[in-house]
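Chains, contacts and geometry: an overview
These are the residues of each chain, in order.
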Amino acid sequence: MLFCEGDYDENRPMTIVKLHEDDCVSNYYIYPRLDLEWSAEDKMLVNTFVSVMYIIHDRLRIASVAERYSVMDNKLELYKLRYFMKKSGELFARGEIREH
């Protein structure tokens, strides 16, 4: 929920539902201020704002899944060698382990 100042009207949300390709659903609820009636232009701006938020959210979700699958086998749920190399590199950098 985003608003700049004042009280909002929780009884009049603008609800926008976005469906992701993997059948996940994102629900966005935008609430007007108590003293505000949305014009057609306001509604268009809210829809544009939500579309941008949706794109950012979807890209972050895809990046998270890609990172996970780069270090973990999807079917076996076991870490790949890349994970162990990455983690051991981090431990070496922090000085927690040393090469022998």
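It should be noted that the structure appears before, not after, this text.
The notes below deal with the structure included here. (Residues numbered from 1 in each chain as written. Predicted model: local features only at pLDDT ≥ 70, side-chain atom pairs only at ≥ 80, totals over all residues. Heavy atoms only, no water.)

Another aspect to go through is the pattern of salt bridges. Taken as a whole and assessed by the stated rule, the structure comprises 6 salt bridges. Between Asp58 and Arg61 there is a salt bridge; the shortest N-O distance is 2.6 Å. Remark: Arg61 and Asp58 occur in helix 1 (residues 40-71); sequence separation between them is 3 residues, near one turn of the helix. On the accessibility criterion, Asp58 (17% relative accessible area) is buried. Here Glu90 ties to Lys87 by a salt bridge, and the two come within 3.3 Å at their closest N and O atoms. Note that Glu90 and Lys87 are positioned in helix 2 (residues 81-94) at a spacing of 3 residues, about one turn of the helix. Exposure remark for Glu90: the relative accessible area of 28% places this residue in the partly exposed category. (Salt bridge = Lys/Arg side-chain N within 4 Å of Asp/Glu carboxyl O. Helix = DSSP H or I, 4+ residues; strand = E, 2+ residues; numbered from the N terminus. Buried < 20%, exposed > 50% of the residue type's maximum accessible area, 1.4 Å probe, protein only.)

This part covers the environment of Asp9. Turning to its location among the elements, Asp9 is positioned in the segment before strand 1 (14-19). Since its relative accessible area comes to 13%, Asp9 is described here as buried. C-alpha separation for the pair Asp9 and Pro32, spaced 23 residues apart in sequence, amounts to 5.7 Å. Leaving out residues up to four positions away in the same chain, Asp9 has contacts with Tyr31, Pro32, Arg33 and Leu34. Side chain to side chain, Asp9 and Arg12 meet in a polar contact 2.5 Å long. (Contact = heavy atoms within 4.5 Å. Polar contact = N/O pair within 3.5 Å; in protein donor to acceptor, adjacent residues only side chain to side chain.)

Take the nonpolar core next. Met14, Ile16, Tyr28, Ile30, Trp38, Val46, Val50 and Tyr54 together form the largest nonpolar core, which totals 8 residues. Elements supplying a minimum of two residues to this core: strand 1, strand 2 (25-30) and helix 1. The element that contributes the greatest number of residues to this core is helix 1, accounting for 3 residues. Setting aside residues no more than four positions away along its own chain, Val50 makes contact with Ile16, Lys18, Tyr28 and Ile30. (Core = buried A, V, L, I, M, F, W, Y, C linked by side-chain atoms within 4.5 Å.)

Glancing now at the environment of Met53. The residue Met53 is located in helix 1 in this model. For the pair formed by Met53 and Tyr28, sequence separation is 25 residues and the distance between their alpha carbons is 9.4 Å.

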